Amino acid sequence: ILFAVFGIIGVEYFGGRLYRCVYADRIYDQIPGVANRTDCELREDAVWKNPPWNFDNIFSAAAALYYMCINSGWQAIMESTLDITDVDLTPSLNNSEGFWWYYAFFHITFSLFLLNLFIGVLSSAFSTQSGSNLLTVHQRRWIRILAMLKSFQPADTGIDRPEVGVRLWKYRQKMWDLVENELVELGWSAVIVFNVSLLMMDHYPADDAWVSFLDIANLFCLFAFTLELLLKVGAYSLFGYLQTGWH
């Protein structure tokens, strides 16, 4: 999930913008004085080339992020993205240096993930050592009673169905029945998966037909999410809707 989220962000901001004009026989040396792709292709000794680590699609972005996690030379990737201008334009030194936040947030999040994983392993190891041999019979019995009381706590069943009163509440009741329907919930989940899939399928270069399809599909997802919001606010009320963290 971590690589997918940051990969989608990387494709959105950096996709197609890392190309540069380099010498045909020295692909790591950028040619100075070339403004765009057209000027580069007019030169016989030059080629418009993408760096080895780029963000043109979700797979390339994930590979670049993985390289950043395991290799200390990730600064070269960061420096190349800090110079981006726009598609088919030559990068300029520190033109987009504000993108440092992308790498800062990624490394902070990844470090916290590894830290939580390490703590989880330690907790799992220590949990096997319960220390029950040091407890008396009465202490063990008390622990069992506490565990039983905890298991008997009433479960949260969600937001209750509104009672029928005035005509407005009848409409709310119908909306509640609709949004609580399992098939409808499955439909919202399918739209979420579809939307995430669309974000992950963004790539460079992309033809006009594909871009048009993405625009229409994203509008459909926006309409579906807006409809879900309105239905749930109508069924649960605004306060009830905000009470549920999943929303």
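Structure's up top.
Nothing here was measured: the structure is a model prediction, and the numbers come from that model.

Points about unusual backbone geometry
Step number 1: One non-glycine residue with positive phi stands out, namely Asp88, at about 70°.
Step number 2: On the secondary structure map, Asp88 appears in the loop between helix 4 (75–81) and helix 5 (100–127).
Step number 3: A positive phi angle, near 55°, is found at Asn94, a position not held by glycine.
Step number 4: Looking at the secondary structure, you find Asn94 in the loop between helix 4 and helix 5.

What about the packing of aromatic side chains?
Step number 1: All chains considered together, the criterion is met by 18 aromatic pairs.
Step number 2: When the ring of Phe14 is compared with that of Phe99, the centres are 5.1 Å apart and the planes differ by 85°; the resulting orientation is edge-to-face. With a gap of 85 residues between them, Phe14 in helix 1 (residues 2–14) and Phe99 in the loop between helix 4 and helix 5 connect regions that are remote in the sequence. Here the two residues Phe14 and Phe99 agree in accessibility, since each one is buried.
Step number 3: Clustering of aromatic rings is evident, with ring pairs tying together Phe3, Phe6, Tyr13, Phe14, Phe55, Phe99, Trp101, Tyr102, Tyr103, Phe105, Phe106 and Phe110.

Considerations on the nonpolar core
Step number 1: Phe14, Phe55, Met68, Tyr102 and Tyr103 are the most contacted members of the largest nonpolar core, which totals 21 residues.
Step number 2: Sorting the residues of this core by element identifies helix 1, helix 3 (58–70), helix 4 and helix 5 as the ones contributing at least two each.
Step number 3: Examining the composition of this core, we find that five residues originate from one element, helix 3, more than from any other.
Step number 4: Trp188, Val191, Leu214 and Leu231 belong to the second largest nonpolar core, which has 13 residues in total.

What counts, and at which threshold
Residues numbered from 1 in each chain as written. Predicted model: local features only at pLDDT ≥ 70, side-chain atom pairs only at ≥ 80, totals over all residues. Heavy atoms only, no water. Helix = DSSP H or I, 4+ residues; strand = E, 2+ residues; numbered from the N terminus. Phe/Tyr/Trp six-rings, centres within 6.5 Å; stacked < 30°, edge-to-face > 60°. Buried < 20%, exposed > 50% of the residue type's maximum accessible area, 1.4 Å probe, protein only. Core = buried A, V, L, I, M, F, W, Y, C linked by side-chain atoms within 4.5 Å.

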